[in-house]
Each structure stands twice: as C-alpha cells, then as structure tokens.
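So you can see what is in the structure, the chains are spelled out below.
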Amino acid sequence: MQEKYQNRLKLAFPQDDFIWIGEAEPLPWHPWFGQFDTVAAVLQQERRPDMIVVSLPAAEQDHCLIALRQHGATALCQILVCNDSPLSPYLGNGHWDDTYAEKYQAYTLRRQQVKLDCEDISHKLLCYLWCHQEALLAPRLIPEQKYLYDYPLLTAWGMSADDSFSWLNELQKNNWITKASLSNRLRFCPSCHSGHLNYVDICPQCQSIDIEHQSSLHCFNCGHVGAQQSFRKFNSLSCPNCLQPLRHIGVDYDRPIENQHCNDCHSLFVEALVEAECLHCKLSSAINELHVRNVYRFKLAPHGRAFVRQGHTPSLFNVTPGEQMTRGQFYWLLDWQNKLAKRHGQTHCILSVQMLNVAEFLSAEGEARGFAQLDALQERLRSVIRVTDACSNDTQDGLLMLLPMTDMSQLKSIYNKLFNLKELQSAAKIELSVKAVTLPAEIGENVADWLTDQLIKAKPM
Ligand SMILES: [Zn+2]
Ligand SMILES: [Zn+2]
Ligand SMILES: [Zn+2]
C-alpha cells in the first residue's frame, strides 16, 4: 500500500481513475492502477475510468476490447494494450509504455473540449476521432465473411458491415469525416452481394471453360492455322494441309497472336473472356456487372472537429448576438432593405467575411491551439457586430452581414477591428478576406446571383 501511495505521488498531473485489466507487472514509472482480472468486473462497478491498460492473451483481449468499446462509460476511453491482438489496432489507442503520460494528457485535453453528446452513433464516431489524436477509422479484412471488410469500431457499436459503407458516405457528405487513404477496391456479386467470387477465363465463342494455351503456326502458302505440333515432321516443319515445307519464319509462315485454344469448339483466340462466378449463389457475371466498392480509412474533417467542439451544426462563425438567419431569409431581407433604401434614400452595407485557410491553419497550428484561436476570433466578431446587424452563414467558413444605415466610410472602423484581431494573432495565419457591397442597387430577379457577382467584383478591404 505504501508503495502504491508513493507511485501515486510521482504523477505530474492530477491522479485520475486508471484501470489495469489482466496480469500486471508494476514498474517504478507506473502510476497507480485499479487492478482487475476481467472486463466484466470493471463494467459491473459502473465507473468511468480515464485510462485503461489491457494485458490479456490475444483472444481474451479482443473480447475485452469489444466489451469496453460497446459500453457507454468506456466507448471513448483511452485504451492501451501491452501486446497486440488482432483487434487492438482497431479498438485500442496504442501501446502501454513510459510515454503514456504525454498521450494521456493530449487525450484529456481533447476530451474536455467535447461539447457534443454521444447518444447518436455518428456523434460518437466524431467524438472518438477527435479524442484520440491522429485516430483513423480503419477497415479490417475478414476473408471468411462475404462482405470481406468491416470497421471493427462500428461493428462494436452495433452497426452491420453492410450498413456501415453507405452510412460513412452520408457522414462524408456532411463534411464530418474525410478519406484518409484507400485500403482496397472490392467487387461483389450483383445478386447476393457476396465478395466470394471465382474469376474464370472462358472461350469467347462457346463460353466453355475448357481452354488452354496453344502455340500455333500460320502457313503463308495456303493460309492454314493449326497447332505447332501438327506442323512438325521429324526435325523440320511442313504444313499438314498443303504439305509445303516451311523453312523461314516471316517468309513461309508466322506465329499468329491467337494462342488460346478451345478444346470444345476448337476456335483459336487472342484473349479469353473473364467472368466472375459467385461462390454463394453461383451467378456468373461479366466483370463490368459486378458492384465495385472502394474501402477507405477515414479521418475527422475540419467541420467534424468544429461540430464536436461546438456541439451544434458546424460553422466556424457562430455569431449568436447578431440575428443568425438562413441564407433564404437573408436574401429576402436584403431585397426588402434595398427597396426601402431606394424609396427613402438610405445606404446599407453588406459585409462578407471569409476565412480562406481553415484546414491549413488548423494543421499548421495544431488542432487544440488552432481551435482556441478560432474561438478568440469568433469572440472578437461578436464584439464587432451590433445586435441590429443581420448575419447569415454564407459558406461554412464565411459570414455575411447586413449593416443597416452604414456607408463605406463607416465600414472603416469595423474593418479596423477585424484587422486588429489579425494582428493579435501574431503567430497565427488566419487569412480573412473582407469585402463590402452597398445598397441601394439594381438587384434584379435573383438576389443570390446578384450578390455573388458583386462580391466577386468587389476588391478585398
Ligand atoms: Zn451471388
Ligand atoms: Zn499450307
Ligand atoms: Zn469454345
């Protein structure tokens, strides 16, 4: 007990709930662990450990990892293993060694920033990818299953392999996750969707599978084409059809490029047809009829990160004090204000603020620091925008503001505030493009098109 207490004092960060499952061999640098023999014993206690180390025989360890990821309290937890098991690269977060403190601190920092609840499986995946630095959602080959690949993390969360591929597509369309790399390209039976296919080369004339390679000769004298064997006569060649002796290749005879022979219909051909026969339902399909699936590793996309950290629809500009409206509402308001401006001789301003380099910025600054700076930028924007100004998120990295009763000269102060901010971020390189357009104007039928054209024309401030 004394020894455990001393180990505890060696920690440089506040002691949290660390759990060790399996056989432990405590070393001097180890922190204090609650020790358990089985995963069931851990889950029974209904605690929320901050870090888990698993040291079990391979098969048992895989069961343990699945159980931990399935359970709500440990689904996102940092889990380290002493030795690899088949599932540990997919369900674990690396190896237990004396660099754990660094990994653990990075994990807790990220975990604290999560604002999204994890009830929904898509949210759970985003949170998982956020919490574990450089985490990828990786596919695993399972040759014995007809779908060939699954995502073990999603399987542990109860999603079938078949469903997971289309589901991941949806997440990509939301810009929450993005492809990290292509693992494989698979082909499936168009009828039963099995990946267990046998590729057979067949005769293009009669579809027989009884074909073989055959060296053939072509007699120039009579045009006869036949197996080389049938031209042989002792040590020389002569045509079995016209009996002409063949001495010089290119003069008397040549070798045709058709060197495949069908033993059923005896045709000669250059290339066999290839068909895929499904080993489950026996359907034979041409290669171009098979269903193709690319299998990717996925990582969190910048908008997924923002979503996890903000806990609502990702937009890097969420300027709550000004009225946040949809694009449609914004255009309607713009049109209406334009009519009023014409009638009463008023001037309004439309300000567009775009972030040009969000992804590059985050990768250059590191995510944790980068997001803190984006937060500071948003804070600053809140102070710039008056409550009477209407805002709309134009794109996910940008913001449109309607500033009533404002002309270009008054924009100067807003512009200065924005650019002071840029100076504050001395190390940071958030590139902002600020443009302004004034009303009244001849807008025409389509407000959105008009505004796009004007903003393209406008010079950045
Ligand atoms: Zn099939
Ligand atoms: Zn001949
Ligand atoms: Zn044939």
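Everything numeric in this text was worked out from a predicted model, so none of it was measured. (Residues numbered from 1 in each chain as written. Chains lettered and ligands numbered in written order. Predicted model: local features only at pLDDT ≥ 70, side-chain atom pairs only at ≥ 80, totals over all residues.)

### A look at the sheet that holds strand β1 (residues 18–22)
At step 1: The strand order across the open sheet formed by four strands is β2-β1-β3-β4, and the pairing between neighbours is parallel. In this open sheet, the two strands that pair with only one neighbour each are β2 (34–36) and β4 (78–81). For this sheet, the mean inter-axis angle between neighbouring strands, taken without regard to orientation, is 20°.
At step 2: In terms of strand pairing, strand β3 (residues 51–55) meets β4 through four bridges, oriented parallel. Residue isoleucine 52 lies in a different strand from β4, and its bridge partner there is isoleucine 79.
At step 3: Across the sheet, helix α3 (residues 58–70) touches β1, β3 and β4, and the angle it forms with β3 is around 160°. (Pairing = 2+ DSSP bridges. Helix = DSSP H or I, 4+ residues; strand = E, 2+ residues; numbered from the N terminus. Axes fitted to C-alpha atoms, helices over the stretch in contact; angles between N-to-C directions. Contact = placed C-beta atoms within 7 Å.)

### Description of the environment of leucine 217
At step 1: In this fold, leucine 217 is placed in strand β10 (residues 216–219).
At step 2: When the 23 C-beta atoms within 10 Å are taken as the criterion, leucine 217 is described as buried.
At step 3: With 37 residues separating them along the chain, leucine 217 and aspartate 254 place their C-alpha atoms 5.9 Å apart.
At step 4: Other than its neighbours up to four places away in sequence, leucine 217 contacts Gly226, Gln228, Phe231, Tyr253 and Arg255. (Buried ≥ 20, exposed ≤ 12 C-beta atoms within 10 Å, placed from the backbone.)

### A closer look at the packing of helix α6 (residues 121–131) against helix α10 (residues 302–310)
At step 1: Relative to each other, α6 and α10 sit at 100°, their axes nearing to 9 Å. The orientation of α6 relative to α10 falls into the category roughly perpendicular. Within the contact between the two elements, α6 uses Leu126, Cys127 and Trp130 and α10 uses Gly304, Arg305, Phe307 and Val308.
At step 2: Classifying every residue of the contact of α6 with α10 by side-chain character gives five nonpolar, one polar and one charged. (Parallel < 35°, antiparallel > 145°, perpendicular 65-115°, else oblique. Nonpolar A, V, L, I, M, F, W, Y, C, P; charged D, E, K, R; others polar.)

### Side note on the confidence of the model for the protein
At step 1: Averaged over all residues, the pLDDT of the protein is 85; the fraction at 70 or higher stands at 88%.
At step 2: Confidence drops under a pLDDT of 50 for residues 1–14, and excluding neighbours within four residues, the segment shows ten contacts in the predicted structure.
At step 3: Residue range residues 318–323 is modelled with pLDDT below 50. Its contacts to residues more than four positions away, or to other chains, number 20 contacts. (pLDDT = per-residue confidence, 0-100.)

### Remarks on the environment of valine 292
At step 1: Take valine 292: it is sitting in strand β20 (residues 291–300).
At step 2: Taking the C-alpha atoms as reference, valine 292 lies 9.3 Å from cysteine 189; in sequence the two are 103 residues apart.
At step 3: Excluding its chain neighbours within four sequence positions, the residues that come into contact with valine 292 are Arg185 and Arg187.

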